Every structure is written in structure tokens, then in C-alpha cells.
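Spelled out from the first residue to the last, the chains are:
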Amino acid sequence: MRDPVTVGTGQTYDRSSIESWVATGNTTCPVTRALLTDFTLIPNHTLRRLIQDWCVANRAFGVERIPTPKQPAEPSLVRSLLCQAASESNPTHSRLSALRRLRGLARDSDKNRSLISSHNVREILVNLVFSNSQSLELSHESIAILVMFPLTEFDCVAIASDPERISCLANLLFHSSIEVRVNSAALIENVIAGTRSSDLRLQISNREIIFEGVIDILKNPLSSPQALKIGIKGLFALCLVKQTRHKAVSAGAAETLIDRLADLDKCDAERALATIELLCRIQGGCAAFVAHALTVPLLVKTILKISDRATEYAAGALLALCSASEQSQKEAVCAGILTQLLLLVQSDCTDRAKRKAQMLLKLLRDSWPEDSVGNSDDFVCSEVVPF
């Protein structure tokens, strides 16, 4: 047990276990089989302290002391805090205090977030974020909570279809606080991802200021791993709109992505490489990546190093670059792409990645070292399916 709680029959269980029991439709006490008419779980502090004392006493045997669990929020408290925050008749400091308590509860656990989400929190927070009759602090605190919850399509459309709301978020991307900027980028990404309308997505991504703001988060040396993650997600979402990819290039996306690629974890690196491949599909994007001396060597190095998806995206980007530039072909060969591609076509990577590798091998045939050409025919299909 890590978090012992007592049910109405007097029996004590670990909180996660008894919650799972009830969540699957059971309405009885597992031990006594008595009907549970009240599902309130009362923390058993005495037993928890005994468990913690035992852990400390057995520390020499590798037992770690369990932390004191944070108790889940009460529905009545959540309702009270939301009412306090939403009421315009309350003083600003009182509303801020309520929002900060809500934010703390939301951070504590998934269960708290689920409880808060069930109390119409999105509508309340959206109104607070974009209300013109309140302090900026309330807006900033509200957006910090709002990004913790998935938005419905209705919420996303309500934001995306209002130019003033989009302008508000765009301006927050240049706020003096990096936290406010990151939260704004997160909300923009959520809205784009949650909006099915291509016209509304275009309406958002058609603003150069949004590209500049998101890319500036990636450039910022103070950006945390979480800030980089949100920046990459935001840029990828924006670049999914074909008509505005040139705005990403103009805002410096190519240089920033290459410079930041080594700082990203696996998932973020995959998304960054996917974004690079998307931008390589337009002429300006290719030119911008070709101009960066590290682009080709870094993409070649990435093959088979991060994940199958990352390899596929890197191969796709290299295919686009080498198709557009003889300079990139020479750089790729110098960076050892031949060995990487031969390994790739023999690996268990995706079929799409292998097709791109085969197309690259054909494209680079004239650039191969002479002693390599004779040994490469077995690895190139006579007819390659385009990607």
C-alpha cells in the first residue's frame, strides 16, 4: 500500500486499488461483500505512517520510503473555487487566489484534472482568458490552467473563428514572461489540432506574427525542455497548413530547427524532423536548409539513430534536398550517406523509409565513390514507388 484509505465498512485498501474496483462497476466491499452506499474514501493516516516507518527501518535492504500522498480534491471545493474565479463581483486578488488553487489541484493528479474538467471549467476559463474587462493577471493565470485540459472541437472553433482572440494569443507570444509565451503557444497548438476546418486553420497560420512568436520560443536560450516541446508541437501544427509554410521559412524555421535538433528528446526530434521534411517540400524551404552548413550532415547522422519514424523523415528531407541541389548531394556523400542508406535498405525500418533510401541511392549514383558503385546494384530496385 502507498495510499491506504478506509471505506464505509471499516476495511482499508490502497486508494488506486479500491478506485479501480469501483470504476469497473463493483458496488460492494471486496472483503465483507457488504453493499457500499457511500463511496467516500477516508485516508488512513495511522496505517500510512506505519508503512512509512517500516520503509525507513528497512532502508538498508533497498526499500524506499513512500512519499506522503496528496489527497484528491473535493467536488465542493472545486465548485467553490470556480464560482469564486468566475464572479466579476469578487475582488481581483480573490479571483486570482482561486485560480492559483485550481492550478495547484490540477497539477497534483489526473484524478483532480478529471474532476475539475467535469465542472464546465473550459467555458469558464475561455471567458476569463479573453475577457476585456479583467486584469491581465487573471487572463494569464486562466490560460495556464486551460492548457492542462483537452479542448473540445466546439471550444477550438469558438477561439479559431474569432480574429480578436487569435490576435490576443499572437500578442501573448511576445510577452516578457516566458511562461505566458509558452502557454499561449500551447493553446494555439491545441486550437489548430482540434479544429477540423481547413479554412480556420489557415486563418490562424496566415499570421506571420504567430510563426515568429513560436520560433522565438525555440530560439530562446532560457527555454526549458517543456517549452521546446510546445514550440516544436506548435511549429509542426502550423506547418501542416501547406499554404503558409513559406511564412515559417521567412521567420527562420529552417535555421532554428537544425540548431535545436540535438537538444530534443526522441518524440520532439521526430516531430522536428517531420517539420523539416514538410518545409523541404517548398522551394524556399529547400533553399533555406541548403544554406545551413549543418543540415545535410545532421540529417545523415540521424538515419537509424533515433527511431524508424525519425529515419523516414530524415530520408525524405534528404531526398528533397538532394533532388534540388547538387551541393547537397556532394555534402551527403561526404557525410557518409552511402553507408547509411545501404544499412537502411537492409534494416527493419518502414517501407516508406526504404523506398526513400532507394530513390536516394539512384539519385546519388553519379556522386558515389568509384569503388562503391560496383557493389551497390543489389540494394537499388529497378523501379521505385514514389513517396
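As the structure is a prediction and not an experimental result, all values here were calculated from the model. (Residues numbered from 1 in each chain as written. Predicted model: local features only at pLDDT ≥ 70, side-chain atom pairs only at ≥ 80, totals over all residues. Heavy atoms only, no water.)

Novice: Help me understand the overall build of the protein in this model?
Specialist: Along the protein, the regular secondary structure elements total 23 helices and three strands. Here the protein has a C-alpha radius of gyration of 27 Å; the compact-globule value for 387 residues is 21 Å, and the former is much larger. In terms of its C-alpha atoms, the protein occupies a principal-axis envelope of roughly 80 × 60 × 40 Å. Across the 387 residues that make up the protein, the buried fraction comes to 47%. When the accessible surface of the protein is totalled, it reaches about 19,300 Å², and 51% of it is carbon and sulfur. Taken together, the 42 basic and 42 acidic charged side chains of the protein have centroids lying 5 Å from each other. (Helix = DSSP H or I, 4+ residues; strand = E, 2+ residues; numbered from the N terminus. Rg over C-alpha atoms; globule rule 2.2 N^0.38 Å. Buried < 20%, exposed > 50% of the residue type's maximum accessible area, 1.4 Å probe, protein only. Areas by Shrake-Rupley, 256 points an atom, 1.4 Å probe, with all protein chains shown as cover. Lys, Arg positive; Asp, Glu negative; His and termini not counted. Charge placed at Lys NZ, Arg CZ, Asp CG, Glu CD.)

Novice: Just checking my understanding: could you explain the packing of helix α13 (residues 225–239) against helix α16 (residues 266–279) for this structure?
Specialist: Helices that pack against each other are described as a pair by the angle of their axes relative to one another and the distance between those axes. For the pair α13 and α16, interaxial distance at closest approach is 9 Å and the crossing angle is 30 degrees. Here α13 is positioned roughly parallel relative to α16, judged by the angle of their axes. In the packing of α13 onto α16, the handedness of the crossing is left-handed. Between α13 and α16, the residues in contact are Lys 229, Ile 232, Lys 233, Leu 235, Phe 236 and Cys 239 and Asp 268, Arg 271, Ala 272, Ala 274, Thr 275, Leu 278 and Leu 279, respectively. A breakdown of the residues in the contact of α13 with α16 according to their chemical character gives eight nonpolar, one polar and four charged. (Axes fitted to C-alpha atoms, helices over the stretch in contact; angles between N-to-C directions. Parallel < 35°, antiparallel > 145°, perpendicular 65-115°, else oblique. Left-handed = near helix turned anticlockwise from the far one by under 90°. Contact = heavy atoms within 4.5 Å. Nonpolar A, V, L, I, M, F, W, Y, C, P; charged D, E, K, R; others polar.)

Novice: Just checking my understanding: could you explain the packing of helix α19 (residues 308–324) against helix α22 (residues 351–363) for this structure?
Specialist: Packing of α19 against α22 brings their axes to within 9 Å, and their N-to-C directions diverge by 25 degrees. When the axes of α19 and α22 are compared, the pair comes out roughly parallel. Both α19 and α22 take part in a crossing whose hand is left-handed. For the pair α19 and α22, contact is made by Glu 312, Ala 315, Gly 316, Leu 318, Leu 319, Cys 322 and Ser 323 and by Arg 352, Ala 353, Lys 356, Met 359, Leu 360 and Leu 363, respectively. Grouping the constituent residues of the contact of α19 with α22 by class yields eight nonpolar, two polar and three charged.

Novice: I would appreciate a short explanation of unusual backbone geometry in the present structure.
Specialist: Leaving glycine out, the prevailing phi sign among residues is negative, and the prevailing peptide bond configuration is trans. Its identity is not glycine, yet Asn 120 carries a phi of approximately 60 degrees, on the positive side. Examined against the element boundaries, Asn 120 turns out to sit in the loop between α5 (110–117) and α6 (121–130). When its relative accessible area of 44% is taken as the criterion, Asn 120 is described as partly exposed. Backbone geometry at Leu 304 places phi at a positive 65 degrees, although glycine is not the residue there. Within the element layout of this structure, Leu 304 appears in the loop between α18 (295–302) and α19. With relative accessibility at 36%, the residue Leu 304 sits in the partly exposed group.

Novice: Explanation requested: α19 in the structure shown.
Specialist: Helical geometry note: an α-helix holds 3.6 residues per turn, so side chains three or four residues apart project in the same direction. Given a rise of 1.5 Å per residue, 17 residues ought to cover 24 Å, and the 25 Å separating the end C-alpha atoms of α19 matches this to within 8%. Summarising burial for α19: twelve of the 17 residues are buried, a large majority. Those residues of α19 that sit buried are Ala 310, Thr 311, Glu 312, Ala 314, Ala 315, Gly 316, Ala 317, Leu 318, Leu 319, Ala 320, Leu 321 and Cys 322. Contacts made by the buried residues of α19 are with α16, α17 (283–291), α18, α20 (326–334), α21 (337–345) and α22. (Expected span 1.5 Å × (residues − 1).)

Novice: Looking at this structure, how should I read the pattern of salt bridges?
Specialist: A side chain of one charge can pair with a side chain of the opposite charge if their charged atoms are brought near each other. Per the counting criterion, the structure on display carries 19 salt bridges. The residue Asp 108 makes a salt bridge to Lys 70 at a minimum N-O spacing of 3.1 Å. Here Lys 70 lies in the loop between α2 (45–57) and α3 (75–86) and Asp 108 lies in helix α4 (residues 92–108), a separation of 38 residues in the sequence. The exposure class of Lys 70 is exposed, given its relative accessible area of 62%. Linking Asp 268 and Lys 229 is a salt bridge whose minimum nitrogen-to-oxygen distance equals 3.2 Å. Of this pair, Asp 268 sits in helix α16 while Lys 229 sits in helix α13, and the two are 39 residues apart along the sequence. Relative accessible area serves as the criterion here: at 2%, Asp 268 is assigned to the buried category. Here the residues in one salt-bridge network are Arg 100, Arg 103, Glu 137, Glu 141 and Glu 179, joined through shared partners. (Salt bridge = Lys/Arg side-chain N within 4 Å of Asp/Glu carboxyl O.)

Novice: What is the right way to read the environment of Thr 275 from this model?
Specialist: Summarising the element assignment, Thr 275 is placed in helix α16. In sequence terms Thr 275 and Leu 238 are 37 residues apart; their C-alpha atoms lie 9.4 Å from each other. Ignoring sequence-local partners within four residues, the contact set of Thr 275 consists of Leu 235, Phe 236, Cys 239 and Leu 257.

Novice: Explanation requested: the nonpolar core in the structure shown.
Specialist: Within soluble globular proteins, side chains that are nonpolar tend to cluster in buried spots. Ranked by internal contacts, the top residues of the largest apolar core, which has 102 residues, are Ile 210, Leu 235, Phe 289 and Leu 341. Residues in contact with Leu 341, not counting those within four places in the same chain, are Ile 303, Ala 357, Leu 360, Leu 361 and Leu 364. Counting seven residues, the second-largest nonpolar core is a separate cluster that includes Ile 18, Cys 29, Leu 36 and Leu 41. (Core = buried A, V, L, I, M, F, W, Y, C linked by side-chain atoms within 4.5 Å.)

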